[in-house]
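Close look at the chain arrangement
Here is what each chain is made of, one letter per residue.
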Amino acid sequence: MNTPPAFSFLVCLRLLLAVLPLPGQNLLKHDHQLSSPLTSYLRLKEGLWLLDNNIDPYTGGSFHHSPLLLSLFSTIVPPLPIIWAISDAVGAWALLRIWRARQGLSFQKGTRSNVENLITSVYLLNPYLLLPSLALSTSTFENTLTLLALMFASQGKVSSALLAITFAVHLTPSSILLLLPIFMVLVSSPVSHLASPRPFHGNLKRIPFLFGEFTLYWLVLVGAACIITGGSWSWVRASWGATLTLPDLTPNPGLWWYFFTEMFDHFRPFFLMVFSVHLVIYILPICIKFQHDPLYAAFLLIGVLGTFKAYLTLADPGLFLSMISIFPEVHGYLRHPIITTLLHLHAALLLPLQHVLWVSEGRGNANFYYAASLVMGMAGGAGLVDACWAGMRIAVGDAKEWAEEKVDGEKGEGEGKVVWWEVVQQ
Amino acid sequence: MRRASVWIFLAYLCTPSFALYRKEIYKEDLRIQSLRDGQVSTTFSFVTVLEGAGPRNPKALGQRDESQHYALFPLTLGQILREYAITELHLTLNAGKWNYDNWGHPHEAGVGTGAELWAWMGASEVTTVDERWSGLRNALSGLFCASLGSLDSRRTLSPTVAFPLSGSTPTFSPHELRHASLPSENVCTENLTPFLKLLPCKSHAGLATLLNPQKVFDADWHGMGVHVIWKEDTGIELKLSLQTVFNPVRTSAGKRRDWNLQSLFDRSIERSCPVASSSSITVILPEGKDHKITPENPSYMDGLAIYDLSSSSNFTIPSNIAMYWPSEHSFQYRKSLSVPLPPLTPITPLSVKRTIHGTTQTRGVLSVSVTNNSPQEISVGYLEMMPALITMWMHTLKVEINSQIRSDLLSELKYHPPSPQSNDRFSPSMLQAVLTIPPKTTLKISMEVNKAFLKYTEHPPDAMRGWDLPGAVFFPLSQLSHNTSSSYDWERIYTPTLLVDLPTPDFSMPYNVIILSCTLMTLIFGSIFNLLTRKWVVMEIQE
């Protein structure tokens, strides 16, 4: 496969970073922005130790990883940093192939243009993705599996796509948001139709069969997980139940933790339900509105996850920001990219600062960090809203074209009168 | 006054014997010892033995109990023991840190700071052990005015190896242990008053008259204990003990370590308890010959001076027992010519220290150092009962001597992670290991720990104080399983408790957080749905 030169260079750089001992790597592992209790490397090592000593890792309240990860790192390969580097490389490769499928190019050849270099660089050099990967947070695997699922869906490979998304759903139940767009991409095509919307032209009747196949794969994985943990179901409550019941209130850049820290016990179940349903209600409207381009719908839902997920790390908005590179057609129609960038810059600088002030130095308090997480939420929201607008605005086109049509129809009386045309929503 | 005691004596003899009459024996003893750093340790033990009695069979809990008649044994405690079918019970309420290095092993081993309650109960289908444990805690908290009701599932464990049955094991059902401790419990007069009410003579006669709350709770270390043990050949033994360590050097005017009962307790014994079969004051004589003891006619035995105070003896009650050092001007502990000397070797063969290092509020390093002061190798059991708010990362456990890793010295490691209980709470985690310490070395165990972020409602009202962690327990291994070369007899060593600082949320903010977070989510939700549902038009803007 023909990869752009930037890909090989950056992958080598990433592998080098994994192999060389970095000075601050231990600090990165403990950082709360880069890994959450569901993805932390420390808890993974603890779970592996407990498994080695014949103690069920899921009985204590500290281990929330999936049994699949437990079996991967205990039997197949130890948790070395090189695995994370390989995962990053696979993710970049998948993103490249999604781009090629979207442009209708051949997967092998690609183009010589600089766009492919740019896409690879944006993924591999994005600090939101690089730092959690260096901190050995398992959110890297979740991102890679999501990209692999989208890649296989863009190539039309049904079983591989469904298997990849099943693994992703197993690691993070919130990835279920991407299920419907992936089905839609599988039955239609990933080629960009943002500029020319039309009703969904794929075969809707295939979707229940795809759903059945997904359920089959999912049940097989559930069975495998049960076998790995020795027939008990405690892993369900510890790993999937954690996103629904939020047992661990460690701070992270998301919006859930402080909300549920300050919540009285009486209202907790209600608001947990509200927050979880809030994620789900975005699926249908976005998929219906962007039925002409389901890959863009998947991109928007990744943005929703990157702002409103339960245990957010920086890797989740990172995936959204990196994926924007494969939609260059909307870049011209973004209304406030500068504001989004600045908000992200603010958040990226404030979050570690306020965290250290609160927890390490004892000079701030929890509200400081909460405010920084609100800025992060605004940044994610700004990016999401802008991407939504741009994806629809591109379909309308230039205001002048519409204007010219109209003026041609008239008798040409309006000379000397300057008329401005604007595309708005009503 | 003497007539009252005669009446009590006659009433005791005339107790009708058709009820379930068991012979009850009551003994009281006070041990006073001058410690090497000038402090004085006093141990009161009031033992009531109910001969021939046995614990209640828990399988018969649903039926009516046979009627119990006690003359000397306290009825309130006896009722609690029968109600919950307790075989063995130990409750200690202590304040202060027991200095093992200078004071040696205490006469009563349970010196963990705060409240510690453990009980062995038989299993039964009528009521579960946990239900009876909960009932026992609440009953004892009512009896002793201590907040033992908060020793719930968040603090309860079953460390059967470190806290074995001291007495005999009944055969009617397999027994289970429940152990809980609350290091932040304060001990005060309200706990002493019901304690004294359990004695036959209360605080009117006998040794208990010395228990002046103002003096006892002013001591550097004080603790009271209630121990109920069943011994098959003797019966149910109830031991009420009160240990204090006074500091006469601090309280006396001339910085002397002389003590007498009047200066220690500010009380004197007027009359002896008539129902006590033996009542004595035992003074453990210090080394050396330069001390003097008055009155000068005790019975000497084996380094002890015993004053017998029971009413059956012909001994007249001494008005005051005193020990003084006539040739010493003022007591200097390890100072000669006002230059401090290095401290003496500790009395106990093992010295322990435990700390949590770390400057952040999220994580720290728990470090326990054990020093073997004896010339022989010692194998000792180590028990750590950590509440669920501290997560111990077991994969970072290290055993070192002088910064050199020695994993061979830690064996038989057993770890129970916190297990979820009802109502979303977690039981403490239990770490148990066998440590082998070479002679004259310091072994250091360290592991990283994580401090939890608790919910708003889980923090106590004084959240900035922090949380108390119970001390670790070092216990001797049974002679059958390990050949320990230790020739002395000791039960347990408690490390001091720790105070951890947990990160707190802002307690004034629930409403603000809800409205801010919900506003942000609603803004984004509203904007997106606004965009998705509106129609596009081209509008002409007139200039």
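If you're wondering where the values come from, they're calculated on a predicted model, not measured in any experiment. (Residues numbered from 1 in each chain as written. Chains lettered and ligands numbered in written order. Predicted model: local features only at pLDDT ≥ 70, side-chain atom pairs only at ≥ 80, totals over all residues. Heavy atoms only, no water.)

1. Here we look at the overall build of chain B
- Counting its secondary structure elements, chain B contains nine helices and 30 strands.
- Expressed along its principal axes, the backbone C-alpha trace of chain B runs to roughly 120 × 70 × 50 Å.
- Burial status across chain B gives 52% buried among its 543 residues.
- Look at the contacts in chain B between residues 6 or more apart in sequence, and 74% of them connect residues 24 or more apart.
- Surface summary for chain B: the accessible area is close to 24,800 Å², and the carbon and sulfur share equals 53%.
- Distance from the positive charge centre (47 side chains) to the negative charge centre (49 side chains) of chain B: 2 Å. (Helix = DSSP H or I, 4+ residues; strand = E, 2+ residues; numbered from the N terminus. Buried < 20%, exposed > 50% of the residue type's maximum accessible area, 1.4 Å probe, protein only. Contact = heavy atoms within 4.5 Å. Areas by Shrake-Rupley, 256 points an atom, 1.4 Å probe, with all protein chains shown as cover. Lys, Arg positive; Asp, Glu negative; His and termini not counted. Charge placed at Lys NZ, Arg CZ, Asp CG, Glu CD.)

2. Some thoughts on helix H14 (residues 268-280) of chain A
- Compared with the 18 Å implied by 1.5 Å per residue over 13 residues, the 19 Å span of H14(A) between its first and last C-alpha is a close match.
- The set of residues buried in H14(A) consists of A:Arg268, A:Phe271, A:Leu272, A:Phe275, A:Ser276, A:His278 and A:Leu279. Along H14(A), the residues classed as buried sweep out an arc of 155 degrees about the axis, all on the same side.
- Taken together, the buried residues of H14(A) touch helix H12 (234-245), helix H13 (256-261), helix H15 (283-289) and helix H16 (294-308) of chain A together with helix H9 (510-533) of chain B. (Expected span 1.5 Å × (residues − 1). Arc of directions from axis to C-beta.)

3. Considering the nonpolar core
- Of all hydrophobic cores here, the largest spans 147 residues; its most connected members are A:Ile165, A:Phe260 and A:Phe290.
- Here this core takes 18 residues from helix H19 (residues 366-396) of chain A, the largest share from any one element.
- Not counting the four nearest positions on each side in its chain, A:Phe290 is found in contact with A:Leu194, A:Tyr296, A:Ala297, A:Leu300, A:Cys388, A:Gly391, A:Met392 and B:Leu532. (Core = buried A, V, L, I, M, F, W, Y, C linked by side-chain atoms within 4.5 Å.)

4. A closer look at the UniProt feature "transmembrane region" (unreviewed entry) in chain A
All names here are of chain A.
- In this structure's numbering, the residues bearing the UniProt feature "transmembrane region" (unreviewed entry) are residues 76-96, 117-135, 215-236, 270-288, 294-312, 333-356 and 368-390.
- For the annotated span residues 117-135, helix accounts for 84% and strand for 0% of the residues, and the straight-line distance between the end C-alpha atoms is 25 Å.
- For residues 294-312, helix accounts for 79% and strand for 0%, while the C-alpha atoms at its two ends are 24 Å apart. (UniProt positions renumbered as here; feature names shortened; annotations may be inferred.)

5. Considering the UniProt feature "transmembrane region" (unreviewed entry) in chain B
- When the UniProt feature table is mapped to this numbering, "transmembrane region" (unreviewed entry) covers residues 511-532 of chain B.
- The annotated region residues 511-532 of chain B carries 100% helix and 0% strand content, and the separation between its end C-alpha atoms amounts to 31 Å.

6. With respect to the domain arrangement of chain B
Residue and element names in this part refer to chain B.
- What the domain assignment reports for chain B is domain 1 (28-61 + 69-324) and domain 2 (350-500).
- Listed per partner, the contact involves 26 residues of domain 1 and 25 residues of domain 2.
- A buried area of about 2,200 Å², summed over both sides, lies between domain 1 and domain 2, and 66% of it is on carbon and sulfur atoms.
- Taken together, the connections running from domain 1 to domain 2 amount to zero salt bridges.
- Applying the counting rule to domain 1 against domain 2 returns three residue pairs in polar contact (both at pLDDT 80 or more).
- When residues of the side of domain 1 that touches domain 2 are traced back to their parent elements, those giving at least two are helix H3 (100-103), strand S4 (114-122), strand S5 (156-157) and strand S6 (175-182). (Domains from an automatic or database assignment. Buried area = accessible area lost by both parts, 1.4 Å probe. Salt bridge = Lys/Arg side-chain N within 4 Å of Asp/Glu carboxyl O. Polar contact = N/O pair within 3.5 Å; in protein donor to acceptor, adjacent residues only side chain to side chain.)

7. Observations concerning the interface of chain A and chain B
- Contacts between the two partners involve 68 residues from chain A, matched on the other side by 56 residues from chain B.
- Summed over both sides, the interface of chain A with chain B buries roughly 5,800 Å², with 69% coming from carbon and sulfur.
- Among the residues of chain A in contact with chain B, A:Glu262, A:Gln425 and A:Gln426 are the three that bury the most area, contributing 11% of the side total.
- On the surface where chain A and chain B come into contact, there are one salt bridge.
- Applying the counting rule to chain A against chain B returns 10 residue pairs in polar contact (both at pLDDT 80 or more).
- Ranked by residue count, the leading element in the side of chain A that touches chain B is H19(A), at 14 residues.
- Looking at the side of chain A that touches chain B residue by residue, the class counts come to 39 nonpolar, 17 polar and 12 charged. (Nonpolar A, V, L, I, M, F, W, Y, C, P; charged D, E, K, R; others polar.)

8. Remarks on a nonpolar patch on the surface
- Taken together, the side chains of A:Leu15, A:Val19, A:Leu80, A:Ile82 and A:Ile86 define a hydrophobic patch exposed on the protein surface, amounting to about 390 Å² of accessible area.
- With respect to the helices, strands and loops of the structure, A:Leu80 is situated in the loop between helix H4 (67-76) and helix H5 (81-103). (Patch = residues over 30% accessible without salt bridge, like charges linked within 9 Å, V, L, I, M, F, W, Y side chains within 5 Å.)

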